[in-house]
Amino acid sequence: MEAMTRILMKMMGIMLWLTVLIAMAVGEDVKYKDPKQPVAVRIKDLMSRMTLEEKIGQMVQIDRLTASPDIMQTYCIGSVLSGGGSAPLPEASAEDWVNMINGFQNGSLSGRLGIPMIYGIDAVHGHNNVFNATIFPHNIGLGATRDPDLVKRIGSATALEVRATGIPYVFAPCIAVCKDPRWGRCYESYSEDHKVVEAMTEIIPGLQGDIPVNSRKGVPYVGGKKKVAACAKHFVGDGGTTKGINENNTVIDKHGLLSIHMPAYSDSIIKGVSTIMVSYSSWNGVKMHANRELITGFLKNTLKFKGFVISDWQGIDRITSPPHANYSYSVQAAIQAGIDMVMLPFKHTEFIDDLTYLVKSNVIPMDRINDAVGRILLVKFTLGLFENPLADLSLVNELGSQAHRDLAREAVRKSLVLLKNGKNETDPLLPLPGKVSKILVAGTHADNLGYQCGGWSIQWQGFSGNRDTRGTTILGAIKSTVDPSTEVVFQENPDSKFIKDNNFAYAIIVVGEPPYAETAGDSMDLTMIDPGPSVISNVCETVKCVVVVISGRPIVIEPYLSSIDALVAAWLPGTEGQGVADALFGDYGFTGKLPRTWFKNVDQLPMNVGDPHYDPLFPFDFGLKTKSAPDILRRSTSAGIIGKPYALFLMVSVIFSLCFIGILST
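- Where an unreviewed UniProt entry is consulted, the protein chain appears under the name Beta-glucosidase BoGH3B-like, with the organism given as Populus alba x Populus x berolinensis.

## So, the overall build of the protein chain
(1) Moving on: The helix and strand tally for the protein chain stands at 24 helices and 17 strands.
(2) Moving on: Relative to the 2.2 N^0.38 estimate, which gives 26 Å for 666 residues, the radius of gyration of the protein chain is 29 Å and therefore close to what a compact globule would have.
(3) Moving on: With the C-alpha coordinates aligned to their principal axes, the bounding extent of the protein chain is approximately 115 × 65 × 55 Å.
(4) Moving on: Taking all 666 residues of the protein chain together, the buried fraction comes to 58%.
(5) Moving on: With the model as given, the accessible surface of the protein chain reaches about 26,000 Å², and the carbon-plus-sulfur share is 57%.

## Comments concerning the nonpolar core
(1) Moving on: Core analysis: the largest hydrophobic core is formed by 190 residues, its most contacted members being Phe351, Leu584 and Trp598.
(2) Moving on: Sort the elements by how many residues they give to this core and helix α15 (residues 366–383) lands first, with nine residues.

## Topic: the packing of aromatic side chains
(1) Moving on: Counted by the stated rule, this structure contains ten aromatic pairs.
(2) Moving on: Each ring, one from phenylalanine 381 and one from phenylalanine 386, has its centre 4.1 Å from the other, and the planes form 15 degrees; the classification is stacked. Across the pair, phenylalanine 386 and phenylalanine 381 agree in class, each one buried.
(3) Moving on: An aromatic cluster is built from Tyr32, Phe381 and Phe386, whose rings are joined through pairwise contacts.
(4) Moving on: Of note, arginine 318 hangs over the ring of tyrosine 280, and the distance from its end group to the ring centre comes to 4.1 Å.
(5) Moving on: Cation over ring: lysine 438 sits above phenylalanine 504, and NZ or CZ is 5.7 Å from the ring centre.

## What to know about α15
In an α-helix, one turn spans 3.6 residues; hence positions three or four apart end up facing the same way.
(1) Moving on: Here α15 contains 18 residues, and its C-alpha end-to-end distance of 26 Å stays within 8% of the 26 Å for a straight helix at 1.5 Å per residue.
(2) Moving on: Buried residues dominate α15, accounting for 13 of its 18 residues.
(3) Moving on: Looking one or two residues beyond α15, the residue adopting positive phi is glycine 384, at roughly 80 degrees.

## Points about the pairing of strand β1 (residues 60–63)
(1) Moving on: Residue alternation in β1 divides its side chains into two sets, Val60 and Ile62 and Gln61 and Asp63, and both sets are buried.
(2) Moving on: When β1 meets strand β11 (residues 342–343), the two strands line up parallel, connected through two bridges. Note that in β11 the partner of glutamine 61 across the bridge is methionine 343.
(3) Moving on: Pairing geometry for β1 and strand β2 (residues 79–82), over three bridges, is parallel. If you follow aspartate 63 over to β2, its bridge partner there is leucine 81.
(4) Moving on: Tracing the backbone out of β1, into helix α4 (residues 69–75) and back to the parallel element β2 gives a crossover that is right-handed.

## Notes on the UniProt feature "domain: Glycoside hydrolase family 3 C-terminal" (unreviewed entry) in the protein chain
(1) Moving on: As annotated by UniProt and renumbered to match this structure, "domain: Glycoside hydrolase family 3 C-terminal" (unreviewed entry) occupies residues 416–625.
(2) Moving on: When the span residues 416–625 is considered, its composition is 19% helix and 16% strand, and the gap between its end C-alpha atoms is 10 Å.

## What to know about the environment of isoleucine 335
(1) Moving on: Its location among the elements puts isoleucine 335 in helix α13 (residues 327–337).
(2) Moving on: C-alpha separation for the pair isoleucine 335 and leucine 52, spaced 283 residues apart in sequence, amounts to 15 Å.
(3) Moving on: If near-sequence neighbours (up to four positions away) are discounted, isoleucine 335 is found in contact with Met59, Val342, Phe351, Leu355, Ile364, Arg368 and Ile369.

## What to know about the side chain of lysine 271
(1) Moving on: Residue placement: lysine 271 occurs in the loop between α11 (263–270) and β7 (275–278).
(2) Moving on: Separated by 2.9 Å, the side chains of lysine 271 and threonine 201 make a polar contact.
(3) Moving on: Residues in contact with lysine 271, not counting those within four places in the same chain, are Glu198, Ala199, Thr201, Glu202, Ile204, Pro205, Gln208 and Ile211.

So, how was this worked out
- Residues numbered from 1 in each chain as written.
- Predicted model: local features only at pLDDT ≥ 70, side-chain atom pairs only at ≥ 80, totals over all residues.
- Heavy atoms only, no water.
- Helix = DSSP H or I, 4+ residues; strand = E, 2+ residues; numbered from the N terminus.
- Rg over C-alpha atoms; globule rule 2.2 N^0.38 Å.
- Buried < 20%, exposed > 50% of the residue type's maximum accessible area, 1.4 Å probe, protein only.
- Areas by Shrake-Rupley, 256 points an atom, 1.4 Å probe, with all protein chains shown as cover.
- Core = buried A, V, L, I, M, F, W, Y, C linked by side-chain atoms within 4.5 Å.
- Phe/Tyr/Trp six-rings, centres within 6.5 Å; stacked < 30°, edge-to-face > 60°.
- Lys NZ or Arg CZ within 6 Å of the ring centre and 35° of its normal.
- Expected span 1.5 Å × (residues − 1).
- Pairing = 2+ DSSP bridges.
- Right-handed = clockwise from strand over helix to strand, strands pointing away.
- UniProt positions renumbered as here; feature names shortened; annotations may be inferred.
- Contact = heavy atoms within 4.5 Å.
- Polar contact = N/O pair within 3.5 Å; in protein donor to acceptor, adjacent residues only side chain to side chain.

What follows is the structure, encoded as structure tokens:
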């Protein structure tokens, strides 16, 4: 009995020891789950465990409308996105977004290897898809500021609002160099000058965080849970297409491509950008989504980009004409060109089946798949998704915070470009007096939040009216800025009789373009929407007027210029219209400079600074300056000195000081 007990004890000891050894072996072996391991070791370990099907699943990005926890688990889907306007429900809160995304993520985590997915969204001027988020000026306005530090701060604020909704990845910034304002995406470009665009890549360390000192070139970097992975787009030459036609052909030699359209990508890579999106457009007839020379040869091999390359929405379908005509060929061409993640966004099984067949048939080598998956996993490990895959509610108060709205307001006033101020140099109209008896505010864009936000705002093509999100219209800003005794009369389209029957001190007219995005914005005439011209004509012939243009690019204005007293290019300012009033009434001076040439007529296009036929209405870099007017003097301009004792005191003090200085000097 005693001997039997000893044998059992020994056996139990051996079993216990074996259990410990197995546990230790398993613990050592599962290196990809160990945050103490180098990222390269974790990637290698995880990939050694993955099947071909799991690897191909990681290369797939689907829209949230297609996604479900079951699909995420079954196909090991690598990424989910929200297309323009794709939200969990109307007026969704930050909590609604977090709950939806965590639902998808739980599906991914329940897969065999528990690989987290990465959720992406178009946050191109703030978290623009999301109700109540701060919507910043579009890039063309930010280009007018010439202020990279401001853009970096906007990147940081955007990252916080995006993370507030549980999202770690944004499809921004667009670093196109728009060479023709007829392009419907021109407002997504900071400038026609590639040097301005390069400077504005400072938004990337705003979004992602500053890369550590001595960081290896080309390696993605994301600095914690308050930052997001960024995406430089659209590689490459999307702003140079013939006649500005969206998704068209960019005809330029290699030197021109590398010297104009490529430098911002080099800068983005140096700053640690995580991903790069390929353009729908072609270069000298070759579709970018199938351009191995530029994607693999130049971007990956020459510029040493280590993050992942992602297609645009159904971008690989458009390799053929008509789209999707030979899908298997398109899959082959895109993957062999060097695209790592494919934004499908709906038919994932078709892509998976075709790519699986191409790999098993030895058409696409396994090395190409491993390269793609390794890059995707690198970004996921860099983001910390394996340690913190699920979002929480700790940042929900960052969405639309007052600090971010104040920053957007600063961006608006710095983006404004003053093109004309007075019929002659000795009689400026701006800054406007805040205390007068009655002023007129007119025009289609004066009281329309959607119009001033432009495309990519709540919906893909933008919206009209004031109900779709929270913000301040220009009319609202004017009313809150003028003296309480000043009567503000708003009429969108006043006739001449109405204007003559009222004794307006001056008028503010706000006109421009309707919202648009991508191809819907391509325009060969670049005119403001009606009744803009007649409003300018009716008002400016009768009363002193300042015209504020809300547009994504320069538009036809020369025919009306002589009748206009003051002209302001306000671009697409976003939700914080108060920034426009800040400059109109002199709380801050105008400082913006044209980020692109303002043409006289569309027959001159394309026309960029340096062209031999350069004959602009207003040249690149033009912008009149004003100084901020002291609040006391500004608001008392038309009130009379006697009615303002503090203004009288100030004036007497100034006169006394001057006299005293004069006595001393004698």
